[in-house]
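Each chain, written out:
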Amino acid sequence: MGVDDVLLDDKAKRMRDLLSSFYSPDPTSPSTTTPNASSRFATLDTINTTTFDADQYMNLLVQKSNLEGLLQRHVDMAAEIKNLDTDLQMLVYENYNKFVSATDAIKRMKNNIVGMETNMEQLLEKIMSVQSRSDGVNTSLFEKREHIEKLHRTRNLLRKVQFIYDLPARLAKCIKSEAYADAVKYYIGAMPIFKIYGDSSFQDCKRASEEAVATIIKALQGKVFSDSESIQARAEAVMLLKQLDFLVNNLKVQLFEKLEQFLVDLHLEFKEIRNASSDLGGISVSISSSAHEASIHEFAEAVRAYQVIFPDSEQQLFRLAKDLATKHFEATKQQIKKQLSSADLVAMLRVIWTDVLLMDEVLPEAGLRDFTFEAAHDAIKQYVAGRFSHLLLDISGTLVKVHDNQKGVIEEECPLQAALEISKKALVQGSMDALLDTRRLLDENLEVLSRLTDLIIEWVREGFQDFFRNLNDQFLMLSGKKYSANQDLTFGEGTQGDKVLPELVLLLAQLSVFIEQNAITRITEEIFSFSGGGTRGYETSPAFIPAEICRIFRSAGEELLQHYISLKTQKILIVLKKRFTTPNWVKHKEPREVHMFVDLLLQELDTILNEVKQILPEGLHPKHRRTDSNGSATSSRSNPLRDDRLVRSNTQKARSQLLESHLAKLFKQKMEIFTKVEHAQESVITTIIKLFLKSLQEFVRLQTFNRSGFQQIQLDIHFLKTTLKHTAEDEAAIAFLLDEVTVAAAERCLDPIPLEQAILDRLTQAKLAKNSEQSSTSY
C-alpha cells in the first residue's frame, strides 16, 4: 500500500467520524448523560466531543486568550469550518458515484440472469440421459469384463510358470556369456515361487537352478581372487555374492589383502617414477606420471567400492589410506638422505599431495590432510637439516686435500692457499645454494608447503646456527683439540692425536678468521632478506645469532693459531732435544763450523715461513730494529761487561763478572718478550722463533760445557743472529734472546773463554757461502 492510499484511508476515517458525530450521536455515552460532571473539567480541546457546550467554551476561551488570540482563533476556526464543508461535499459526491455504480451493476446482473434457468433445466436433462446410458453399458459389459480380467490373471500366471521352466536355460546362457549380474537378477526373481512351490510343482526347475547358481557362485569367487581381474570387477562379484546370501566375511579379508597388495605395487611404481624422473628425461616423466595417476585413480575407486560393499570397514580403509601417504613420505625421506634437490623434492611432494587429495575425496573422514601436513613437516625438516649436513661434509671434504698434499697426493705450487680458497668458496657458495634451495620451496604454489612457510624459515635459521656450531666442533676435531667417539674416519691419520698436520691447523685458523670477518656478515644479510623474520620466538628455539657465531670463531681462530705455533714449536724442540742430549759437552771438540742442527732449525723455519705466506697476510706494524741507545732493546747484561768477561782467561774472574751482570740486570729496563699473536706472517714467525730460542736457553742451562762446547754454542748463536735478523718482526727481542742463550752457555761453562770476533765472522761467512752453493746446486 502506497503513501497516498494511507492518506486517503486516514481522510475517509476522519470524515466517517465527523458524519457519525454529526448525524447520530450516541445517546448512551457517559459524556451525554453527565454533562455537569464533565463541564467542571472543560478545556479548549472539548470542541470535538459530544458534550461540547458553546457558552462554556466561549467563557473559557475569553478567560484564557487576549484579543489577538481570539482573532487568531476566529480565523483558524473559519478555516476549519470551510475545510469541513469541503470534505463533506466530497464525501457526498463519492457516495453518490458508488450508488450509481451499484445501480448499474444490479441492472447488468438482472439482464444476464434472464434465461439462465431454462438452460440449467436443459443441462440437467442431458446429464440424466448420459447417466442412464452409462449404467446400461456397464450392465451389459460386466460379465465380459470379469472374464477378461480372469484371462489376464491366468496369462500372468502362465508367464511366471514359463519363466520358472525357462530359468535353468536362462541361467546356463548367462553363465556361458558371463552375464552373472543378469543371472543373479533372474534367480532372485524366482526365489519367492521356489519358496512356495519349490518342493512340489517346480522341484526339477529348482534343483537345476540351484546347480546353475552354485556354478555362478564358484565363478564369482574365482573372479574375486583372480589377479587378472580389476578391483571394480571383484567388488561387483562380491556384491552379487551378497545378493545370493553367500557369506562374504572371508572374502572381505581376502579383498582387503588385495587392496594392501595393490598399495605395495603402487609404492613400487612410485619408486620407478622417481627413477625415471632422474634418468630418462621429461618424456618418460610424463608417461610414468600418467601411469601413476591412472593407478592411484584405480586404487581410489577400489577403496570406494570396498567402502560401499563393506560399510563397517571405514577404520581399516582409513589406516590403508594413511599407509599410502606414509610409504610415500618414507620413500621421500630415503631420497632426502641421498642429497635430493629442491626441485625433485617439490615434484615428489606434488605427486603425494595429488594422491592425498584424491583419497580425501573418497575418505573425507580419514583426516588425510592433517596427517599429510604432519608427515610433510617431518620430511621438510629432515631435508633442511640434511642440506646443512651435506654442506658440512662438502667443506670438510675440501680440507682432506691438505692431508693428501702432505703425503704427496696433490702437487701444487701453493696447496694451502688453494685449499683455503676452495674452502672459502665451498662455505659461501654452499650457504647461498642452501638458501636458494629453500627459497624454491617457498616459491612453489603448493598448499602443503604454504602452510609450513614460517616453520621452514625458522628451520633455515636454526640450521645455520647448528651448522656453524658443528663446523667449529669439526675444526677442533681436525686440529686435535677435541675428540669424539663418532669422529669421521675420512681424514685418516691426519686428524688423530699427535699426528695432526700443523698446516691443516693453520688453514683452519685462517678459515675461522674468514668466517668471523666475512662469511657471517654476508650470510646474515642473505638470511634476513630471505626470511623477513620468523614466527617463533627465541625462547622456543635457538635462532640464528650472528654475534654468538662470530664470538665462537674468533675464539677458535685464536686457539687454532696458538695450536699451530705449539705444534711447530714441539717439532723444533725434538731437534733441540736430540742436539743437546746426544754429545758429551764436557769433552766437546774445538768447533770447526756451524753445527748441522742449525740447518735443521733454519729448514724448519723456512717450511713455516712458506706455510704462513700462503695463508696469512703480511703484518701492518713495522719491525722493531735493535739500537744500542735503547735500553729495552739490549740485553739485561751490558755489552762492555759481557765482552770484558768473555775475553778474560781466568775462570774465577769470569764467574765474578757473572755476579756483576746479575746486579746490572736489576737496574736495566725489562723487555716484553712475548706479546699477543696476530693473524699475520711476521707475528707467527716471530712468536715461533722466540719460543724455540727460549727453549734453547733452557736446554743450555741443563748442560755443562767445556771451553770448546761453549765456543760451539757461541758460533751457532752468532750464525743464527746473522740469519734471523731479517726474518723476525721483533728484531730487538730476537737479538736479546740470542744473547741470553750465549750468556746461559757461559754460565754453565767450566772455562768460558769465547772465540774471537774475527774467527766467528770467518766461520759464519764460510757457512753462508756453503749454503749458497748448495742452494744453487739444488736449483
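Predicted model, so just to flag it, every value in this text is computed and none were measured. (Residues numbered from 1 in each chain as written. Predicted model: local features only at pLDDT ≥ 70, side-chain atom pairs only at ≥ 80, totals over all residues. Heavy atoms only, no water.)

J.: Explain the overall build of the chain here, please?
T.: Looking only at helices and strands, the chain has 26 helices and zero strands in total. The buried share of the chain, taken over its 779 residues, is 39%. Within the chain, counting contacts between residues at least 6 apart in sequence, those at least 24 apart form 77% of the total. Carbon and sulfur atoms make up 54% of the accessible area of the chain, which totals about 45,000 Å². (Helix = DSSP H or I, 4+ residues; strand = E, 2+ residues; numbered from the N terminus. Buried < 20%, exposed > 50% of the residue type's maximum accessible area, 1.4 Å probe, protein only. Contact = heavy atoms within 4.5 Å. Areas by Shrake-Rupley, 256 points an atom, 1.4 Å probe, with all protein chains shown as cover.)

J.: How should the pattern of salt bridges be read in this particular structure?
T.: Evaluated as defined, the whole model comprises 18 salt bridges. When the shortest N-O distance is used, the salt bridge between Glu447 and Arg369 registers 3.6 Å. Taken together, the residues span a long stretch of sequence, with Glu447 in helix H16 (residues 447-450) and Arg369 in helix H14 (residues 368-406) at a distance of 78 residues. The class for Glu447 is partly exposed, based on a relative accessible area of 37%. Put simply, Lys721 and Asp739 hold a salt bridge, and the shortest N to O gap is 2.8 Å. (Salt bridge = Lys/Arg side-chain N within 4 Å of Asp/Glu carboxyl O.)

J.: Even after reading the chapter, I still don't get helix H6 (residues 116-177), so can you show me in this structure?
T.: Because an α-helix packs 3.6 residues into every turn, residues spaced three or four apart end up facing the same way. Taking 1.5 Å per residue, 62 residues should reach 92 Å; H6 reaches only 75 Å between its end C-alpha atoms and comes up short. At Asp166, H6 shows its largest bend, some 50°, and a proline, Pro168, comes one to four positions later. Inspection of H6 places Ile164, Leu167, Pro168, Leu171 and Cys174 among the buried residues, and these make up the whole buried set. Taken together, the buried residues of H6 touch helix H7 (180-197) and helix H8 (203-224). Remark: Glu178 follows H6 within two positions and exhibits a positive phi of approximately 60°. (Expected span 1.5 Å × (residues − 1). Bend = angle between axes of the 7 residues up to and from the residue.)

J.: I'm lost on the packing of aromatic side chains in this one. Help?
T.: Aromatic ring pairs are defined here through the distance separating the ring centres and the angle between the ring planes. Applying the stated rule across the entire model yields 11 aromatic pairs. Measuring from centroid to centroid gives 6.2 Å for Phe388 and Phe467, while their planes differ by 40°, and the two rings are tilted. Pair noted here: Phe388 is in helix H14 and Phe467 is in helix H17 (residues 453-478), with a separation of 79 residues, a long-range link. For the pair Phe468 and Phe553, a centre-to-centre distance of 6.0 Å together with 90° between the ring planes defines the contact as edge-to-face. Linking Phe468 in helix H17 with Phe553 in helix H19 (residues 546-581), this pair joins segments that are 85 residues apart in sequence. Judged by its relative accessible area of 0%, Phe468 is buried. By way of ring pairs, the aromatic residues Phe388, Phe464, Phe467, Phe468, Phe475 and Phe553 are connected into one cluster. (Phe/Tyr/Trp six-rings, centres within 6.5 Å; stacked < 30°, edge-to-face > 60°.)

J.: Can you walk me through H8 in this structure?
T.: Between its terminal C-alpha atoms H8 stretches 31 Å, which fits the 32 Å expected from 22 residues at 1.5 Å a residue. Every buried residue belonging to H8 is among Cys205, Ser209, Ala212, Val213, Ile216, Ile217, Leu220 and Val224, and all of these are buried. For H8, the buried positions fall inside an angular range of 155° around the axis, keeping them on one side. When the buried face of H8 is taken as reference, the exposed residues oriented beyond 90 degrees from it are Asp204, Glu211 and Lys218. (Arc of directions from axis to C-beta.)

J.: Explain the UniProt feature "coiled-coil region" (unreviewed entry) in the chain here, please?
T.: As recorded in UniProt, the feature "coiled-coil region" (unreviewed entry) lies at residues 106-133. Taken end to end, residues 106-133 is 93% helix and 0% strand, and its two terminal C-alpha atoms sit 42 Å from one another. (UniProt positions renumbered as here; feature names shortened; annotations may be inferred.)

J.: What am I meant to see in unusual backbone geometry here?
T.: The bulk of non-glycine residues show a negative phi, and the bulk of peptide bonds are trans. You will see that Glu178, though not glycine, has its phi angle at about 60°, which is positive. Among the secondary structure elements, Glu178 is positioned in the loop between H6 and H7.

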